[in-house]
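# Per-entry structural report
Chain by chain, the residues:
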Amino acid sequence: RRNSRYLLRDLARQMRQQAMPAERQVWGALRNRRCLGLKFRRQAVIGGFIVDFYCASLRVAVEVDGSVHHGEEAEARDHDRDRLLAARGIRVVRLSNDQVDRSCVEALLSAPSLRPPSPYHGEGDRG
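Residues numbered from 1 in each chain as written. Predicted model: local features only at pLDDT ≥ 70, side-chain atom pairs only at ≥ 80, totals over all residues. Heavy atoms only, no water.

With that settled, consider the overall build of the protein. From N to C terminus, the protein includes four helices and four strands. Beginning at the N terminus, the succession of helices and strands in the protein can be written as α-α-β-β-β-α-β-α. Within the protein, the fraction of its 127 residues that count as buried is 34%. In the protein, of all internal contacts separated by at least 6 residues, the share reaching a separation of at least 24 is 58%. When the accessible surface of the protein is split by element, carbon and sulfur atoms take 50% of a total near 8400 Å². (Helix = DSSP H or I, 4+ residues; strand = E, 2+ residues; numbered from the N terminus. Buried < 20%, exposed > 50% of the residue type's maximum accessible area, 1.4 Å probe, protein only. Contact = heavy atoms within 4.5 Å. Areas by Shrake-Rupley, 256 points an atom, 1.4 Å probe, with all protein chains shown as cover.)

Relative to strand β2 (residues 49-55), strand β1 (residues 41-46) is paired through five bridges, and the arrangement is antiparallel. From the neighbouring strand, Ile46 faces β2, where its bridge partner is Phe49. With antiparallel pairing between neighbouring strands as the criterion, β1 and β2 make up a hairpin whose turn holds two residues, including Gly47 at a positive phi of roughly 55 degrees. (Pairing = 2+ DSSP bridges.)

Here Asn32, not a glycine, exhibits a phi torsion of approximately 55 degrees, which is positive. Mapped onto the secondary structure, Asn32 falls in the loop between α2 (21-30) and β1. The class of Asn32 is exposed, set by a relative accessible area of 60%. Residues other than glycine seldom take positive phi values, yet Gln43 does so here, at roughly 50 degrees. Along the chain, the position of Gln43 falls in strand β1.

The strand order β1-β2-β3-β4 describes an open sheet built from four strands, whose pairing is mixed. The sheet terminates laterally at β1 and β4 (91-96), the two strands that pair on one side only. Taking the axes of each pair of neighbouring strands and ignoring which way they run, one obtains an average angle of 45 degrees across the sheet. As defined by bridge partners, strand β3 (residues 60-65) adjoins β4 across six bridges and the pair is classed as parallel. When the sheet's bridge partners are listed, Val64 is paired in β4 with Leu95. Sheet contacts for α2: β1, β2 and β3; angle to β2, the most-contacted strand, approximately 35 degrees. (Axes fitted to C-alpha atoms, helices over the stretch in contact; angles between N-to-C directions.)

Listed below in structure tokens is the structure:
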């Protein structure tokens, strides 16, 4: 198991170096807190998976899907992966390569359903 963690880390590093054009475009919109002031990691290893982009504060993974994600088998694999990430409390937002632009990413991430709950709701005597 320890070796697999290092293998995934090395694979994620390779994926960062060989990013597809759509992934580079999304990273340009997300990096350095450019999108809504949110911190994202690129090619993050989470629970045995590598997600394209991950925001820990929202617990959201953004996946940019190319042609390799088309087809019944690939879609079933993605569905299973999304389900396992959801079990860890991580929501997955999927974009196809042709959907990628900055305004699209910002609109998706500013959706009220992706905002974290208020830390004060239900806590203490003021909740």
